[in-house]
Amino acid sequence: MRNTSRYLLAAALLLSTGATCAADISLLNVSYDPTRELYKAVNSAFAAQWKAKTGENVTINMSHGGSGKQARAVIDGLDADVVTLALAYDIDSISQIGKLMPGDWQKRLPNKSTPYTSTIVFVVRKGNPWKIHDWSDLIKPGIQIVVPNPKTSGGARWAYLAAWAYAEKKPGGSAEKAKAFIAELYKHVPVLDTGARGSTTTFAERGIGDVLISWENEAYLALDEMGRDKIDIVYPSVSILAEPPVAVVDKNVDRHKSRKVADAYLQFLYSKEGQELEARNHYRPRDPQILAAHPEFKKLPLYDVDDLFGGWQKAQKTHFADGGVFDQIYKPGGK
Amino acid sequence: MSTNLTDRGSTRPRGATDDHPLARTILIALGACFIVLFLVLPLVTVFAQALKNGVAAAMDSIVEPDALSAIKLTVIAAGIAVPLNVAFGLSASWAISKFDFRGKSFLITLIDLPFSVSPVVSGLVYVLIFGMQGWFGPYLREHDIKIIFALPGIVLATMFVTFPFVARELIPLMTDQGRDEEEAATSLGASGWKTFRRVTLPNVKWALLYGVLLCNARAMGEFGAVSVVSGHIRGQTNTMPLHIEVLYNDYQFVAAFAVASLLALLALVTLAVKSFLEWHYADEIAAIHKH
């Protein structure tokens, strides 16, 4: 009885005051799919630090979705103060199409504006029944691969490039062979989700597919959520250095007069405290000491998009733009 | 096999209801199976999942701030969209059924448009009109007016997809009723507004209520169109269906199904009231036809 009245009171209070209560200042962080848990942790830590430093209450609102989709929303007017997306190309689009920040945004923060990195790994059913150990094992007959759509998902684009890098760089490999390998690989994909999280739930919760090609961070999260008795993580022989960048959206922070706190928020991601939170949420921190303190991040050769694909602008144009390689090789429904 | 229950002789063609009892049982069983499998079971699953960790856990996820804000937003959006659609639906069906004018059939087709357009397209239309890259985006931004990724956009998208509900209920009934009563009222000196209020409205009140109900159910449950214009800001622009998706993707299955069961409850209430109205409505129709 007392519980019920408490709930009713809470409901009444919230309905009357709305979500705008008590915040001196607020930021909107538009992010990609798998960072939900990361920014939940980062936001409360940053809010506490900011309160201690300035006495201001800061509320950070979050919006999550496929990286490309989120970039599009910001371009269309979603009022982001900061964007923390899956890859540089998506923020480039915000700069170029939306004209919301200068073209050299990536030079404004250390490490190409990527405070943390990740890579692409495989998630398989417990005991690895299909004996999947490397990229070449993915195209064994009968295997079903779960991976999101490279058109909308950043993780899917990293996954695609990782597979390509493997096929091109392995002994006897070439760009031609890489294209054939990728075409074969996507024939094993029954359906493409729009975002990384959708694919993870498809694989882990709904039990579809034999292998999930996933962000490393997303794989560890699935391990935590689904239980270590259900799935295993497999590191391939090589993968890609995934660099999810962050940036302040200049035009929006100027309008909101929130630049100071937005800058501090992104700086916080590079601080010891921020780096530790990132590591705990399975993102590889840039800080070598903190990285070394987390042995779960396996060392493996990682290709760099700038070296192998000539940067994201070029990679996007060649592979993922309309009529690009992905459109040439992918037929919906596999087979 | 050919023995008939009636004693009129065996030349009469077999009636629809004298099939073999086994065939009948199988057909009924099949029908029941389908209903259980595709309607009852999913509904039960929703509630079962929601209550997996007890009533308190389910309640907690409903009174949590983001959920409350989603419920509030859904109620506000439906609260604006439904009355506006009632006003539109009433005037459109009044115009269509009581007057003749050029382009009438075109108007009817237009009203039906939202039924045939995918909700995603309905949402994108507003992005193209009000988005920063669209027609009015820059102007709106300059004047600090938010349409998409805020409440107005969500209301617009909701209105668009629920547009036909009220009008579609009223047009056939009002056409059926004809203009005699209105003409009689007018010839006795009643004004147009009075005729509408005293003659037309009472004749369609049950059908109107029925349309409102369906309209409201769709308004609260709409996912696709709203998803496109929402921006998915937690605690701000997520409606209930969007919040359910967020929770599900956050691995918060109990919470997702708890909020989902609220929507399911809404559906059940709608269904109950609808059945009640249908019963009333049938009487009304019969009464009207007696004239």
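Analysis parameters
Residues numbered from 1 in each chain as written. Chains lettered and ligands numbered in written order. Predicted model: local features only at pLDDT ≥ 70, side-chain atom pairs only at ≥ 80, totals over all residues. Heavy atoms only, no water. Salt bridge = Lys/Arg side-chain N within 4 Å of Asp/Glu carboxyl O. Helix = DSSP H or I, 4+ residues; strand = E, 2+ residues; numbered from the N terminus. Buried < 20%, exposed > 50% of the residue type's maximum accessible area, 1.4 Å probe, protein only. Pairing = 2+ DSSP bridges. Contact = heavy atoms within 4.5 Å. Axes fitted to C-alpha atoms, helices over the stretch in contact; angles between N-to-C directions. Parallel < 35°, antiparallel > 145°, perpendicular 65-115°, else oblique. Left-handed = near helix turned anticlockwise from the far one by under 90°. Nonpolar A, V, L, I, M, F, W, Y, C, P; charged D, E, K, R; others polar. Buried area = accessible area lost by both parts, 1.4 Å probe. Polar contact = N/O pair within 3.5 Å; in protein donor to acceptor, adjacent residues only side chain to side chain. 1 Å grid on protein atoms, 1.4 Å probe; cavity = no way out; pocket = protein on both sides within 12 Å on 5 of 7 lines; lining within 4 Å. Points joined across faces, edges and corners; volume = space filled by probe spheres on them. Domains from an automatic or database assignment. Core = buried A, V, L, I, M, F, W, Y, C linked by side-chain atoms within 4.5 Å.

**Structural notes on the pattern of salt bridges**
Should their charged atoms come close, side chains of opposite charge can pair. Residues and elements named next belong to chain A. Enumeration according to the criterion identifies 30 salt bridges over all chains in this entry. Here Arg157 makes a salt bridge to Asp90, at a shortest N to O gap of 3.3 Å. Highlighted residues: Arg157 in helix H6 (residues 154-169) and Asp90 in helix H4 (residues 88-96), separated in sequence by 67 residues. Arg259 is the salt-bridge partner of Asp250, the closest N and O atoms lying 3.1 Å from each other. Of the residues examined, Asp250 reaches a relative accessible area of 12% and is grouped as buried.

**Some points on the sheet that holds strand S6 (residues 145-146) of chain A**
Residues and elements named next belong to chain A. Read from one edge of the open sheet, four strands run S6-S7-S5-S8, paired in mixed fashion. The sheet terminates laterally at S6 and strand S8 (231-234), the two strands that pair on one side only. In this sheet, strand S7 (residues 211-215) lies alongside S6 in parallel orientation, the contact comprising two bridges. Across the sheet, Ile145 pairs through a bridge with Val211, a residue of S7. Running at roughly 150 degrees to S7, helix H8 (residues 196-205) makes contact with strand S5 (120-125), S6, S7 and S8 of the sheet.

**A closer look at the sheet that holds strand S3 (residues 82-84) of chain A**
Residue and element names in this part refer to chain A. Reading across from one edge, S2-S1-S3-S10 is the order of the four strands in this open sheet, with mixed pairing throughout. Each of the sheet's edge strands pairs with one partner strand only, and the pair in question is strand S2 (58-65) and strand S10 (246-248). This sheet shows a mean twist of 20 degrees between the axes of neighbouring strands, independent of strand direction. Both strand S1 (residues 25-32) and S2 contribute to a ladder of eight bridges, which runs parallel. From the neighbouring strand, Ser26 faces S2, where its bridge partner is Thr59.

**A short note on the packing of helix H3 (residues 65-98) of chain B against helix H7 (residues 151-162) of chain B**
All names here are of chain B. Relative to each other, H3 and H7 sit at 50 degrees, their axes nearing to 9 Å. By the angle between their directions, the pair H3 and H7 is classed as oblique. Between H3 and H7 lies a crossing whose hand is right-handed. Where H3 abuts H7, its residues Leu73, Ile76, Ala77, Ile80, Ala81, Leu84 and Asn85 lie against Leu151, Ile154, Val155, Thr158, Met159 and Thr162. Grouping the constituent residues of the contact of H3 with H7 by class yields ten nonpolar, three polar and no charged.

**Considering the interface of chain B and chain A**
Counting residues at the interface gives 29 residues for chain B, matched by 37 residues for chain A. Of all residues in chain B, Gln133(B), Arg141(B) and Tyr251(B) bury the most surface against chain A, accounting for 26% of the area lost on that side. The interface formed by chain B and chain A contains four salt bridges. When the shortest N-O distance is used, the salt bridge between Arg255(A) and Asp144(B) registers 3.9 Å. Remark: the boundary between chain B and chain A carries ten residue pairs in polar contact (both at pLDDT 80 or more). When residues of the side of chain B that touches chain A are traced back to their parent elements, those giving at least two are helix H2 (55-63), H3 and helix H12 (240-249) of chain B. Looking at the side of chain B that touches chain A, the element that brings in the most residues is H2(B), giving four residues. Its residues assigned to classes, the side of chain B that touches chain A comprises 14 nonpolar, eight polar and seven charged.

**Here's the deal with the layout of surface pockets**
Size it by volume and the second largest pocket reaches roughly 1100 Å³. Surrounding the second largest pocket, 46 residues form its lining, Gly68(A), Lys69(A), Gln70(A), Arg72(A) and Thr152(A) being those nearest its centre. Looking at the lining of the second largest pocket, the elements that each hand over two or more residues are S2, helix H3 (67-75), H4, H8 and helix H15 (312-320) of chain A together with helix H5 (119-130), helix H11 (224-230) and H12 of chain B. Here the lining of the second largest pocket takes seven residues from H3(A), the largest share from any one element. For the lining of the second largest pocket, the domains that each give at least three residues are domain 1 (2-116 + 243-292) and domain 2 (120-240 + 304-329) of chain A.

**A short note on the nonpolar core**
Residues and elements named next belong to chain A. Counting residues in each nonpolar core, the largest one holds 114 residues, and the members touching the most others are Val83, Trp135, Tyr186 and Ile213. Counting residues per element, this core draws most heavily on H6, at ten residues. Structurally, this core is a two-domain feature, drawing no fewer than three residues from each of domain 1 (2-116 + 243-292) and domain 2 (120-240 + 304-329). For Val83, the contacting residues outside a window of four places in its chain are Asn29, Val30, Val74, Ile91, Ile94, Met101, Pro245, Val246, Ala247 and Val249.

**Examining unusual backbone geometry**
Peptide bonds are, in most cases, trans, and in most cases residues other than glycine have a negative phi. Positive phi is not limited to glycine here, since Lys99(A) has a value of about 55 degrees. Within the secondary structure, Lys99(A) is located in the loop between H4 and helix H5 (110-113). Given the relative accessible area of 54%, Lys99(A) is considered exposed. In this structure, Tyr251(B) is a non-glycine residue whose phi angle is positive, near 65 degrees. With respect to the element layout, Tyr251(B) can be found in the loop between H12 and helix H13 (253-290).

What is shown is where atoms sit, not what they do.
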